[in-house]
Amino acid sequence: MTIEILEPGLGASIQDLGRPGYYGVGIPPSGSADQYSALAANLLVGNDSAAAIIESPYMGPKIRFNIDTVVAVTGATMPVKLNDEPRPQWESFSVKAGDVLSFGFLQDGARVYVAIAGGIDVPVILGSRSLYAIGALGGFHGRALQAGDLLPIGTADAGTAGKVVPQDLRPSHPRMINLRIVLGLYDYRLTPAGLSTFLETEWKMTPVADRMGCRYSGPALEWIQRVQPFGAGSDPSNIVDAGYPLGSVQVPGGVEPIILHRDAVSGGGYAMVGTIVSADLDVVAQSSPGTVAKFIPVDLEEALACRKVANEQREALIEALR
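Every chain is numbered independently, its residues counted from 1 as its sequence is written. Given that the model is predicted, a residue must reach a pLDDT of at least 70 before its local features are reported, and side-chain atom pairs must reach 80 or more before they are shown or counted; all residues, however, enter totals for whole chains, interfaces and linings. Heavy atoms from the whole structure form the basis of all side-chain values; hydrogens and water molecules are not counted.

Student: How would you summarise the sheet that holds strand 4 (residues 62–65) if you had to cite specific residues and measurements?
Tutor: Only strands joined by at least two bridges in the DSSP assignment are considered to pair. Each helix is a run of H or I in the DSSP string that is no shorter than four residues. Each strand is a run of E no shorter than two, and both are numbered from the N terminus. The 6 strands are arranged 7-6-9-4-1-11 in an open sheet whose pairing can be described as antiparallel. One side of each edge strand has no neighbouring strand; the edge strands of this open sheet are strand 7 (85–87) and strand 11 (150–152). Between one strand axis and the next, the sheet turns through 30° on average, direction left out of account. In this structure, strand 4 lies alongside strand 9 (residues 100–103), joined through 2 bridges in antiparallel fashion. Residue pairing for strand 9: Arg64 is matched across the bridge by Val100. Note on geometry: axes are lines fitted to C-alpha atoms, helical ones only across the stretch in contact, with angles between N-to-C directions running from 0 to 180 degrees.

Student: So what's going on with the pairing of strand 5 (residues 69–77)? Which residues, and what values?
Tutor: Each residue's exposure class comes from its accessible area (1.4 Å probe, protein chains only) as a fraction of the maximum for that residue type: buried when under 20%, exposed when over 50%, partly exposed otherwise. With 8 of 9 residues buried, strand 5 is to be regarded as a mostly interior element. As defined by bridge partners, strand 5 adjoins strand 8 (residues 93–95) across 3 bridges and the pair is classed as antiparallel. Bridging from a neighbouring strand, Val71 pairs with Phe93 of strand 8. Where strand 5 and strand 10 (residues 108–116) come together, 6 bridges link them in antiparallel fashion. Among the inter-strand pairings, Thr74 is bridged to a residue of strand 10, identified as Tyr113.

Student: An account of the packing of aromatic side chains is requested, with residue identities and associated values reported.
Tutor: Planes of paired rings set the category: under 30 degrees apart is stacked, over 60 is edge-to-face and the rest tilted, where pairs are Phe, Tyr or Trp rings (Trp by its six-membered ring) whose centres lie within 6.5 Å. Enumeration according to the criterion identifies 4 aromatic pairs in this entry. Ring centres of Phe198 and Trp203 lie 6.4 Å apart, and the angle between their planes is 50°; on these two criteria the pair is classed as tilted. Assessed through its relative accessible area of 0%, Phe198 is described here as buried. Taking relative accessible area as the criterion, Trp203 reaches 0% and is therefore assigned buried. Site record: aromatic cluster; members linked through ring pairs are Phe198, Trp203, Tyr216 and Phe295.

Student: Please provide a residue-by-residue account of helix 2 (residues 192–200), values included.
Tutor: Counting along an α-helix, one turn takes 3.6 residues, and residues three or four places apart therefore face a common direction. Looking only at helix 2, the buried set comprises Gly194, Phe198 and Leu199. Buried residues in helix 2, looked at end-on, bunch into an arc of 130°, giving them a common side. Turned more than 90 degrees from where helix 2 packs its buried face, Pro192 and Glu200 sit exposed. Residues count as neighbours in contact if any of their non-hydrogen atoms are within 4.5 Å of one another. Those residues of helix 2 that are buried lie in contact with strand 12 (176–183), strand 13 (203–209), strand 16 (248–250), strand 19 (272–276) and strand 20 (292–297). Throughout, the arc means the angular range of directions from the helix axis out to the C-beta atoms.

Student: Let's hear about the nonpolar core: which residues, and what values?
Tutor: We define a nonpolar core as any set of buried Ala, Val, Leu, Ile, Met, Phe, Trp, Tyr and Cys residues linked to one another through side-chain atoms lying within 4.5 Å. Core analysis: the largest hydrophobic core is formed by 32 residues, its most contacted members being Leu179, Phe198, Tyr216, Ile259, Ile276 and Phe295. In this structure, Ile276 is in contact with Leu179, Arg180, Ile181, Gly247, Val249, Ile259, Leu281 and Phe295, ignoring residues within four places of it in sequence. Ile63, Ile67, Val95 and Leu101 belong to the second-largest nonpolar core, a separate cluster that totals 28 residues.

Student: Now, about the state of the cysteines: what can you tell me, with residues and values included?
Tutor: When the sulfur atoms of two cysteines come within 2.5 Å, that pair is taken as a disulfide. Using the criterion set out here, one finds 0 disulfides in the structure. With no disulfide partner, Cys214 has as its closest neighbouring cysteine sulfur the one in Cys306, 19 Å distant. Overall, the relative accessible area of 4% leaves Cys214 in the buried class.

Student: Talk me through the pattern of salt bridges; I want residue IDs and the actual numbers.
Tutor: Criterion for a salt bridge: a side-chain nitrogen of Lys or Arg within 4 Å of a carboxyl oxygen of Asp or Glu. Taken as a whole and assessed by the stated rule, the structure comprises 11 salt bridges. Here Glu55 ties to Arg211 by a salt bridge, and the two come within 2.8 Å at their closest N and O atoms. Of the two residues, Glu55 sits in strand 3 (residues 53–57) while Arg211 sits in the loop between strand 13 and strand 14 (213–217), which places them 156 residues apart along the sequence. Judged by relative accessible area, Glu55 falls into the buried class, the value being 1%. Between Asp280 and Arg180 there is a salt bridge whose closest N-O contact spans 2.6 Å. In this pair, Asp280 is assigned in the loop between strand 19 and helix 3 (281–285) and Arg180 in strand 12, connecting sequence segments 100 residues apart.

Student: Please give an account of the pairing of strand 20 that cites residues and values.
Tutor: Note that strand 12 and strand 20 share 6 bridges and pair parallel. The residue bridging Ile181 from the neighbouring strand is Pro297, located in strand 20. Where strand 13 meets strand 20, 2 bridges bridge the pair, whose relative direction is antiparallel. Bridge pairing in strand 20 places Lys204 opposite Val292.

Student: I'd like to hear about unusual backbone geometry, residue by residue, with values.
Tutor: Along the chain, Gly184 connects to Leu185 via a cis peptide bond; the corresponding omega equals 5°. In this fold, Leu185 is placed in the loop between strand 12 and helix 2. With phi around 70°, Asp84 is a residue other than glycine that occupies positive phi space. Structurally, the position occupied by Asp84 is in the loop between strand 6 (80–82) and strand 7. The class of Asp84 is exposed, set by a relative accessible area of 62%.

Put into structure tokens, the structure is as follows:
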């Protein structure tokens, strides 16, 4: 009951819904960067939503199956091949022992998700199978996948081939995006001109983008000068250490905002000018270098409304694949 990684792609890892509850002691939630696409992949093959799957950024893995099973691929648009024959994304399909799954070049988005009926059966660490690479925690031996890895597959009822995610429930991956942000806790450290620049600029994602955070290029931001308090660094963007919310945006030195993502550290000494609403974190996860983003300020009531809409879409997905 295994699959073999023939080629690991680019930093492919095992992820599930993540390990909430430990961020306060420095362990991030990890889990699939694009939670919606991961959920869709699991539902397509008949898995529980928390089953472990393969996440692969920018380049798909090459996998040999040692069992007959059902597979689904979601997320970024990337041609899927089984024994060099095309297979669909966002639809489950059967594979036989000895079959090889491979991928073409990335067309849009950033991460593909491969779900296998039964899920990847690696040990559960602190309630999750997800890899947190910096801490060598979870996943397969606490690391990204490598050529030659034999991944155990859990037992499950036979999945159903031919399940399809309706077109209206498939996300798109535009190259220009709006990211809704709740300002604070430290936006007051920016001058009025600095805050205006932050909100009016079209920021471009740089190649420095991974599961810890995504960096964007653009103009420098102006900070209010002050005598830094004891415990803060010397730069105006430094603060006395504070906790970082998932999705928070910091601008070290006033240049290149960074959006912290699912493997981010839980605290530090950079001011957080705002936090991306949870409903938009999947959009960030599927942004590739060169994607242009604009930050759109919303209040807490609007942020909760965004979350409600995102939850309704997930419920619609679950209902469609029931």
